[in-house]
Amino acid sequence: MVIRALRLTYFRNYEQLEINFDQGLHFFYGNNGQGKTNLVEALYVMTHLKSFRTTSLNPLIHYGKPTALIEGEIEKEGVCHQIRIMLVEHQKKVWCDAKQLTLSSEYIKNFFSLLFAPDLLAAYKEYPQEKRNFFDRALTLLDPLYIEKIKDFNRIRKQKNQLLRTGKAKEVAPWNQLFCRVSPYLVEKRQGLVQRINPLLKEIFSQLTGRTEVLRLHFRSDLWEKTGLEEKKLRDFLANKLKMELETGHLCYGPQKDAFWMTLEGKKDKFNFSQGEQRIAFLSLQFVLNELILEEVGFPPILLLDDVFSELDSRVFLNTMKRIQEGKNQVFATSAQMPEKVLGQVIHIHQGTIQSNLS
Amino acid sequence: MKLPASLHRLIEELAKLPTIGRKSAKRLAFHLATAPKADPNALAQALLAAAMELRPCTQCGGIASGELCPLCNDKSRLEGSILVVEEARNVFTVEESGIYKGQYHVLGGAISPMKGIGPSQLNLKSLEARIDQGGIEELILATNPTLEGEATAHYLTDLFQSKVARITRIARGMPTGGDLEYADPGTLTRAIEGRTRFNSA
Ligand SMILES: Nc1ncnc2c1ncn2[C@@H]1O[C@H](COP(=O)(O)OP(=O)(O)OP(=O)(O)O)[C@@H](O)[C@H]1O
Ligand SMILES: [Mg+2]
Ligand SMILES: [Zn+2]
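Residues numbered from 1 in each chain as written. Chains lettered and ligands numbered in written order. Predicted model: local features only at pLDDT ≥ 70, side-chain atom pairs only at ≥ 80, totals over all residues. Heavy atoms only, no water.

### Digging into the overall build of chain B
Within chain B, the regular secondary structure consists of eight helices and six strands. Written out in order from the N terminus, the α and β elements of chain B read α-α-α-β-β-α-β-α-β-α-β-α-β-α. Radius of gyration (C-alpha) of chain B: 21 Å, far over the 17 Å computed for a compact globule of 201 residues. Principal-axis analysis of the C-alpha atoms places the extent of chain B at approximately 70 × 45 × 35 Å. When the 201 residues of chain B are sorted by exposure, 35% land in the buried category. By sequence separation, contacts in chain B at least 24 residues apart represent 45% of the contacts at least 6 residues apart. For chain B, the exposed area adds up to about 12,900 Å²; of that, 57% sits on carbon and sulfur atoms. On chain B, the mean spot of the 23 positive side-chain charges and the mean spot of the 22 negative ones are 7 Å from each other. (Helix = DSSP H or I, 4+ residues; strand = E, 2+ residues; numbered from the N terminus. Rg over C-alpha atoms; globule rule 2.2 N^0.38 Å. Buried < 20%, exposed > 50% of the residue type's maximum accessible area, 1.4 Å probe, protein only. Contact = heavy atoms within 4.5 Å. Areas by Shrake-Rupley, 256 points an atom, 1.4 Å probe, with all protein chains shown as cover. Lys, Arg positive; Asp, Glu negative; His and termini not counted. Charge placed at Lys NZ, Arg CZ, Asp CG, Glu CD.)

Structure representation (C-alpha cells):
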C-alpha cells in the first residue's frame, strides 16, 4: 500500500499543500513547530479517520477557517483510490472514489498504517485503556470479525452498566448471557496475539539493540484466571459477583480490565524502563505487528514514525534505519535534524510549506 | 417567505413522521395543497378513521379496529404456539410469508436499559396471562437479531422456561435470496453460529 499524493487545504498550520510520494522512505525535517507532526497527523487521519493527538477533530482545522480538507491518492494492490476527507467543526465527511462513506469500519480495515509517535507512546505507557485500544486495533486488521465483536461487547457493557447504576438487579441476567457469549472471543484473540508476538519481539529487540535480554509482552485476563473461560464457570462467576457489581455500579470483571505489559528480564516497562528502552520496546512492538500484518493481509502497512530517533543511541538508530530500508513499507519519518545519508526523499518543512524536496 | 398558517402546520405535522425529512414533508404538503380537493379530503378521512378506530389488540398487542385483531379473531389459526415479535409491523412481515399459522404476540419494543426500556415497559403481562391459561406448547422468539433483541429473547426464555415445553429462537443471519458474497462479516458470523443441522441425526 502506497500513499501517492497528499493535498491539504487549511489543515493545522498548512493553508495549501500539494505533495507527491513514492515507495520507500520519506524524511520530513525542519525546526521545531514548523509542521512535521502535522503532516504525519494528516497521513494518520487518511488511514484511521481520526487523530492521535485529540479526540475532537476541531483543532485540526486552520485557525479561523470553517473547514479543512485532506485529499489524496492511496494505491493498494495496483488500484489507485481517490480519498477526500472534509473536516467541519467536530464532524468529518469521507469520500472514497467519489462515493461518500457511511461506515468507518470498512474504510479503516482497507487502508491502514502503523504509527510511532511520542504522544501515542506517552498515552500507551500511562493508560491501560490505550493499550487495549492499541492491540484491539491490530486485531481488527488481523481478524475480520474482531471489530464486530468488540462493538457488541462495548454495547453490552454500556447496557449492563446502566442497570447496575440504577440498581436493577433482576434485569441483569440476559446481559450476562450475552456477555458470556462475546467476552471469551475477545480474551482468546488477545491471548493468541500475545503468543504470536513474543518470539518475534525477542528477535527484533535484539536485532535493534544487539542486547541479549529478552523483551517479552505479557497479558492478564481476570476472566481467564477465574474461570478458564468455561461457559458454566463464567456464568456462575458472574452471578456470584452481581452483588459487588451493584455496589460499585459498573462491571468489575471482563475484557475491559485486561492488562498488557512488557518486561525486559524481570524489569517492568512502566516502572523500570529507561526513556530509550520505552521507545525501543514500543518500536519493536510496531515492527512485530508490521510482520504479522504482512503475513496475514499480504502487504505491508504504511509506517508513520514521528520523532522516533531522538533518545536513541547511534547503534539503535543505525539498526532501525537498516530495518526500515530493508522493509517493503512506505515510510514517513520526521526529525528536527537534517539526516545524514538517507536513501529516500528528504523534505524540508518550514512554516507550513515545503522548502525543498530532494531524492 | 411567510406560508399560509394551515400549510405551515401541515408541513410540521408531516415532518414528525418517521423517515420523512423536512424536504419530503414540504414536497408532500405542496403536492396536497395544489391537488384537486378530493385527494386531501380522502387522505384526511382515512387518517381520521385510522386515528379513531385503530388500537392495540387486547390479546396480542397487534393492530386491531375492535377488541381483537383479525388474526386473534380468526378461529382457523392454530392455538398451540405463539410467535413473539417486537413491533406490530413485524406481524405483517411474517404473515406475508404465509409460513406460520399460529398465534402472535407483539412486545412493543425490546429491552434497552440505555433507552430506559425494561421488561415492565413491554407488553408482557398479557403474554404471561395467555401462557398461564394453558395450551401453549411452543413459544417462538422472533425478536430482532440485534443485541437488544437477543437480550429480550434471553429474558423471555428465563421467564417462561418452566411454563412452556418448547421455546425456540428463529435462526439469525442470511437473508434468503442473499448471495454469500453480499453478506457482511457480522451477518455471516451470526449465520454460521446459528447454523442448524442439515443431515438427519
Ligand atoms: N489549527 C491550527 N491552525 C494553525 N496552526 C496550527 C493549528 N494547530 C497547530 N498549529 C501550529 O502548527 C505548528 C506546527 O506543529 P507541529 O506539531 O507539526 O510541529 P513540528 O514540526 O512537529 O515541531 P516539533 O519538532 O517541535 O515536534 C505549531 O506551531 C502550532 O502552533
Ligand atoms: Mg513534532
Ligand atoms: Zn391480536
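That shown, we press on.
### Some remarks on the sheet that holds strand 14 (residues 345-350) of chain A
One key point about sheets: their strands pair by backbone hydrogen bonds, in either a parallel or an antiparallel sense. Residues and elements named next belong to chain A. The sheet built from six strands is open, its strands ordered 8-12-13-3-14-15 with mixed pairing. Of all the strands in the sheet, the pair left with one neighbour each is strand 8 (113-116) and strand 15 (353-358). Recorded for the sheet is a direction-independent mean angle of 15° between the axes of neighbouring strands. As paired elements, strand 3 (residues 25-29) and strand 13 (residues 331-335) share five bridges and run parallel to each other. Bridge pairing links L25 to V331 in strand 13. Packing of helix 1 (residues 36-48) onto the sheet brings it into contact with strand 3, strand 8, strand 12 (302-305), strand 13 and strand 14, and relative to strand 8 it is tilted by some 150°. (Pairing = 2+ DSSP bridges. Axes fitted to C-alpha atoms, helices over the stretch in contact; angles between N-to-C directions.)

### Details of empty space enclosed by the protein
All names here are of chain A. As enumerated under the stated definition, the model contains one cavity of 30 Å³ or more in all. Computed from the structure, the largest cavity encloses a volume of approximately 60 Å³. Secondary-structure elements contributing two or more residues to the lining of the largest cavity are helix 3 (118-126), helix 9 (269-272) and helix 10 (275-297). Its residues assigned to classes, the lining of the largest cavity shows five nonpolar, one polar and four charged. (1 Å grid on protein atoms, 1.4 Å probe; cavity = no way out; pocket = protein on both sides within 12 Å on 5 of 7 lines; lining within 4 Å. Points joined across faces, edges and corners; volume = space filled by probe spheres on them. Nonpolar A, V, L, I, M, F, W, Y, C, P; charged D, E, K, R; others polar.)

### Remarks on the coordination of the zinc ion (ligand 3)
Looking at the zinc ion (ligand 3), the protein donor atoms are C57 of chain B (SG), C60 of chain B (SG), C69 of chain B (SG) and C72 of chain B (SG), and they sit 2.3 to 2.4 Å from it. What the four donor atoms of the zinc ion (ligand 3) show is an angle range of 105 to 116° at the metal, which sorts the shape as tetrahedral. (Donors = N, O, S within 2.8 Å, 3.2 Å for Na, K, Ca; no water. Tetrahedral: all angles 85-135°; square planar, octahedral: opposite > 155°, others 65-115°.)

### Description of the packing of helix 6 (residues 173-209) of chain A against helix 11 (residues 314-326) of chain A
Residue and element names in this part refer to chain A. Across the interface, helix 6 lies against helix 11 with an axial gap of 7 Å and an inter-helix angle of 120°. Classed by the angle they form, the pair helix 6 and helix 11 counts as oblique. Of helix 11, the residues touching helix 6 (which contributes I204, Q207, L208 and T209) are R315, V316, N319, T320 and R323. Here the residues of the contact of helix 6 with helix 11 are counted per class, giving three nonpolar, four polar and two charged. (Parallel < 35°, antiparallel > 145°, perpendicular 65-115°, else oblique.)

### Structural notes on the domain arrangement of chain B
Split into domains, chain B comes out as domain 1 (5-53) and domain 2 (72-197). The straight-line distance from the C-alpha centre of domain 1 of chain B to that of domain 2 of chain B is 34 Å. (Domains from an automatic or database assignment.)

### As for the pattern of salt bridges
All names here are of chain A. In this structure the tally under the stated criterion is 34 salt bridges over all chains. A salt bridge links E277 to R211; its shortest N-O distance comes to 2.8 Å. Remark: R211 occurs in the loop between helix 6 and strand 9 (215-220) and E277 occurs in helix 10; sequence separation between them is 66 residues. Judged by its relative accessible area of 10%, E277 is buried. (Salt bridge = Lys/Arg side-chain N within 4 Å of Asp/Glu carboxyl O.)

### Focus: the environment of E12 of chain B
All names here are of chain B. As for its position among the elements, E12 is in helix 1 (residues 5-15). In this structure E12 comes out as partly exposed when scored by relative accessible area, which is 29%. Remark: the alpha-carbon pair of E12 and R22, spanning 10 residues in sequence, is separated by 8.2 Å.

### Re the site of ligand 1
Residues and elements named next belong to chain A. The full set close to ligand 1 counts 15 residues, and G33, K36, T37, N38 and I61 are the nearest of them. At 2.7 Å from an oxygen atom of ligand 1 is found a side-chain nitrogen or oxygen belonging to T37. Taking Y63, its main chain carries an N or O atom lying 3.0 Å from a nitrogen atom of ligand 1. Looking at the shell around ligand 1 residue by residue, the class counts come to three nonpolar, nine polar and three charged. (Near = heavy atom within 4 Å. Polar contact = N/O pair within 3.5 Å; in protein donor to acceptor, adjacent residues only side chain to side chain.)

### Topic: the packing of aromatic side chains
All names here are of chain A. What the rule picks out here adds up to 19 aromatic pairs over all chains. The interplanar angle of 65° and the centroid separation of 6.4 Å between the aromatic rings of F21 and F28 together place this pair among those described as edge-to-face. A centroid spacing of 5.2 Å and a plane angle of 90° characterise the contact between F134 and F135, whose relative ring orientation is edge-to-face. An aromatic cluster is defined as three or more aromatic residues linked by ring pairs; in this entry it consists of F116, Y124, F134, F135, F219, F260 and F282. (Phe/Tyr/Trp six-rings, centres within 6.5 Å; stacked < 30°, edge-to-face > 60°.)

### What about the state of the cysteines?
All names here are of chain A. The full count for this structure, using the stated rule, is zero disulfides over all chains. Free cysteine: C180, not disulfide-bonded; nearest cysteine sulfur from C252 at 15 Å. For C180, a relative accessible area of 6% corresponds to the buried category. (Disulfide = S-S within 2.5 Å.)

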